Protein chains: 6
Amino acid sequence: MSLFTDLIPTLITETPAEGRELAMMMARKTIASIQPDAEVRGALRGDYADDTEQLMHAAHIVAVEFQTIAAANNYWRG
Amino acid sequence: MSLFTDLIPTLITETPAEGRELAMMMARKTIASIQPDAEVRGALRGDYADDTEQLMHAAHIVAVEFQTIAAANNYWRG
Amino acid sequence: MSLFTDLIPTLITETPAEGRELAMMMARKTIASIQPDAEVRGALRGDYADDTEQLMHAAHIVAVEFQTIAAANNYWRG
Amino acid sequence: MSLFTDLIPTLITETPAEGRELAMMMARKTIASIQPDAEVRGALRGDYADDTEQLMHAAHIVAVEFQTIAAANNYWRG
Amino acid sequence: MSLFTDLIPTLITETPAEGRELAMMMARKTIASIQPDAEVRGALRGDYADDTEQLMHAAHIVAVEFQTIAAANNYWRG
Amino acid sequence: MSLFTDLIPTLITETPAEGRELAMMMARKTIASIQPDAEVRGALRGDYADDTEQLMHAAHIVAVEFQTIAAANNYWRG
């Protein structure tokens, strides 16, 4: 069973907003699975939240994850 | 309810220009949700607005978000 | 009304060459909307036009914008 | 016969979670095939697991691999 | 008339190999249009041809351009 | 005739594993065509194989090339 089973049961969401939240969660969980030590991650968080280049990299990843989720949901065209 | 609910009710826009505005807003709001302190963000803004590498990274993210929005709108082919 | 209304009335162009020009314009206008001060941008231009890494980042963004425009135009398959 | 034959017999997975695991494995195996020395990779791991910029780059690659896998699986729309 | 008119009359090529050449040419011409001074570009070339990070960025851009061209040609599936 | 003619006769492969090999080869050959001097490339290899950031950039490019190849092969859905 996968580490992600409970976290990503589906890519389908009700709304674009929930798709956005899912994109952010997926990016965070990938980092958590590479660096599983929460304490280290906590220390690292101070590094990137005050560093525009790293904030932008985080936003870039979210944009890529969101592309996938938006396609999965047929862009919530309704 | 998601933090993005009011911000991104839909990916559908009337025109490419409005799609472009939405792409910029989405990128900004992602950064705001990672670094929620507006004062810190204000200070950081000075860093990147005068730094071509960071301006380009911002433009890169907007280009990726816009890909998603343009696809959602069938490229406003009309 | 959007800042981009006059700039990007449509993603549809006659030829790939015009699509390429549109991609470059879109990238430039995004940067201009993040850093609206033309004088600052003029000063920054000196930084990146002589710096291969930054020239490449600019070319990278154009490539991403062009992906969107080429898809919008069904790749001008004619 | 390819080095990847046993590792990537298929892009099709049962669930999004398994697709995510596959994306992470594919990224790791690419790095292993470029730098085949496990000891060197072990030493390098210390470098990136404590470096937010590099953690983010790893997450970025996983996001790109996942785009491919999600499309292969028709987004597990089921 | 566009600067690119003679350079990119079409995205359609006979073979994947020619598509690859077109991808490289498109990346080069974008850089040439941002930095039109051939002498400056010649000097810059020395910088990136001996720098793995910059060689990789160049290869990255070619990969993105090639995605567009390959899609335009229905991947030369024949 | 193109430099790539013998190298990339087709994007179609039997299996995902062979597609992955093709992606790696395409990335390598692009770099070889930008920096044709094998001796210089050999020297540069030492730089990136021991540098996680550069290994990750290489893996990133392979992921992008693989997106194209996977789409060309309809994801080997069978």
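One can find the structure itself at the top, above this paragraph.
Computed from a predicted model, the values in this text were never measured in an experiment.

Some details on the overall build of chain A
For step 1, the next point in the chain: Summing up its helical and strand segments, chain A has 3 helices and 0 strands in all.
For step 2, the next point in the chain: Traced from its N-terminal end to its C-terminal end, chain A shows the element sequence α-α-α.
For step 3, the next point in the chain: Seen through its C-alpha atoms, chain A measures out along the principal axes to roughly 40 × 35 × 15 Å.
For step 4, the next point in the chain: For chain A, the exposed area adds up to about 3,300 Å²; of that, 52% sits on carbon and sulfur atoms.
For step 5, the next point in the chain: Taken together, the 6 basic and 11 acidic charged side chains of chain A have centroids lying 5 Å from each other.

Let's talk about a negative patch on the surface
For step 1, the next point in the chain: A cluster of like negative charges, contributed by A:Asp37, A:Glu39, D:Asp47 and D:Asp50, occupies part of the molecular surface.
For step 2, the next point in the chain: Structurally, A:Glu39 is set in helix H2 (residues 38–49).

Some points on the pattern of salt bridges
For step 1, the next point in the chain: Counted by the stated rule, this structure contains 6 salt bridges over all chains.
For step 2, the next point in the chain: In this structure, the salt-bridge partner of B:Glu65 is A:Arg20, at a minimum N-O distance of 2.5 Å. In this pair, B:Glu65 sits in helix H3 (residues 52–72) while A:Arg20 sits in helix H1 (residues 16–34), so the two residues belong to two different chains.
For step 3, the next point in the chain: The class of A:Arg20 is buried, set by a relative accessible area of 0%.

Notes on the relation of the copies chain C and chain B
For step 1, the next point in the chain: Rotating chain C by 60° and moving it 0.0 Å along the rotation axis overlays it on chain B with an RMSD of 0.0 Å. Expressed as a symmetry operation, the mapping of one chain copy onto the other fits a six-fold axis. Among all residues of chain C, the one whose C-alpha sits closest to the rotation axis is C:Val64, at a distance of 7.1 Å.

What counts and what doesn't
Residues numbered from 1 in each chain as written. Chains lettered and ligands numbered in written order. Predicted model: local features only at pLDDT ≥ 70, side-chain atom pairs only at ≥ 80, totals over all residues. Heavy atoms only, no water. Helix = DSSP H or I, 4+ residues; strand = E, 2+ residues; numbered from the N terminus. Areas by Shrake-Rupley, 256 points an atom, 1.4 Å probe, with all protein chains shown as cover. Lys, Arg positive; Asp, Glu negative; His and termini not counted. Charge placed at Lys NZ, Arg CZ, Asp CG, Glu CD. Patch = residues over 30% accessible without salt bridge, like charges linked within 9 Å, V, L, I, M, F, W, Y side chains within 5 Å. Salt bridge = Lys/Arg side-chain N within 4 Å of Asp/Glu carboxyl O. Buried < 20%, exposed > 50% of the residue type's maximum accessible area, 1.4 Å probe, protein only. Least-squares fit on C-alpha atoms with pLDDT ≥ 70 in both.

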